[in-house]
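A closer look at the structure
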Amino acid sequence: MAAFEDRRLGDLAAQLRQDDPRFARALEKGSPCRPREYRHGVAWLLLAVALGGFVLGVVVGHGLLIAGGLVLAGVAAHLFDPDRGRVRQGIARTSE
């Protein structure tokens, strides 16, 4: 039974190295970083640009800037989804 568990743990470790190599390397060193699905730097930047475009559009009264800001906000919101990679691959979400 222990051999099966060791093999299963090895398989999980290999899958982790394949899915997120940066996180796996940091975990092996003992100082883990955030997993890929919780890194949102680009999403925050895009959300700030969207908010700036939206506010500028409201102040200037330009509908295209308002619409562009709203569209960019939607794109940024999509980037915050931790399961976006699984959804893109067609893997259904499971309730845990």
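Because the structure is predicted, anything quoted here is derived from the model rather than measured.

All right, on to a nonpolar patch on the surface then. Taken together, the side chains of Leu51, Phe54, Val55, Leu56, Val58, Val59, Val60, Leu65 and Leu70 make up a nonpolar region of the molecular surface, amounting to roughly 810 Å² of accessible area. Mapped onto the nonpolar patch, the elements with two or more residues apiece are helix 3 (41–60) and helix 4 (63–79). Considering each element in turn, the nonpolar patch owes the most residues, seven residues, to helix 3. Looking at the secondary structure, you find Leu51 in helix 3.

Summarising the element assignment, Val71 is placed in helix 4. For Val71, a relative accessible area of 55% gives the class exposed. Between the C-alpha atoms of Val71 and Phe54, which are 17 residues apart in sequence, the distance is 9.6 Å.

Structurally, Leu70 can be placed in helix 4. The exposed category is assigned to Leu70, whose relative accessible area is 51%. In this structure the C-alpha to C-alpha distance between Leu70 and Gly53, which are 17 residues apart in sequence, comes to 8.5 Å.

What follows concerns the packing of helix 3 against helix 4. Between helix 3 and helix 4, the shortest axis-to-axis distance is 7 Å and the interhelical angle comes to 160°. Taken together, the axes of helix 3 and helix 4 are roughly antiparallel relative to one another. Taken as a pair, helix 3 and helix 4 cross one another with a handedness that is left-handed. Across the interface between the two elements, Val42, Ala43, Leu46, Leu47, Val49, Ala50, Gly53, Phe54, Leu56, Gly57 and Val58 of helix 3 pack against Leu65, Ile66, Gly69, Leu70, Leu72, Ala73, Val75, Ala76 and Leu79 of helix 4. For the contact of helix 3 with helix 4, the per-class residue count stands at 17 nonpolar, three polar and no charged.

Conventions we followed
- Throughout this description, residue numbers start from 1 for each chain and increase along the sequence as written.
- In keeping with the model being predicted, local features are shown solely for residues with a pLDDT of at least 70 and side-chain atom pairs are shown and tallied solely at 80 or more, while totals for entire chains, interfaces and linings include all residues.
- Values reported for side chains reflect all heavy atoms of the structure, with hydrogen atoms and water molecules removed beforehand.
- Patches in this entry comprise residues that are over 30% relatively accessible and not in a salt bridge; like charges within 9 Å are linked, as are nonpolar side chains (Val, Leu, Ile, Met, Phe, Trp, Tyr) within 5 Å.
- Each accessible area is a Shrake-Rupley result for a 1.4 Å probe, and residues are judged covered by the shown protein chains and nothing else.
- By definition, a salt bridge exists where a carboxyl oxygen of Asp or Glu is found within 4 Å of a side-chain nitrogen of Lys or Arg.
- Only DSSP runs of H or I reaching four residues or more are called helices, and only runs of E reaching two or more are called strands; each is numbered from the N terminus.
- Only protein chains enter the accessibility calculation, which uses a 1.4 Å probe. A residue is then buried if its area is under 20% of the maximum for its type, exposed if over 50%, and partly exposed in between.
- Angles shown run from 0 to 180 degrees and are taken between the N-to-C directions of axes, each axis being a line fitted to C-alpha atoms and, for helices, limited to the stretch in contact.
- To sort the angles, those under 35 degrees are grouped as roughly parallel, those over 145 as roughly antiparallel, those from 65 to 115 as roughly perpendicular, and the leftovers as oblique.
- The handedness criterion is simple: a crossing whose near helix is rotated anticlockwise from the far helix by less than a right angle is left-handed, and one whose near helix is rotated clockwise is right-handed.
- Note on definitions: a residue-residue contact is assigned when non-hydrogen atoms from the two residues lie within 4.5 Å.
- Charged residues are taken to be Asp, Glu, Lys and Arg, nonpolar residues to be Ala, Val, Leu, Ile, Met, Phe, Trp, Tyr, Cys and Pro, and polar residues to be all remaining types, Gly included.

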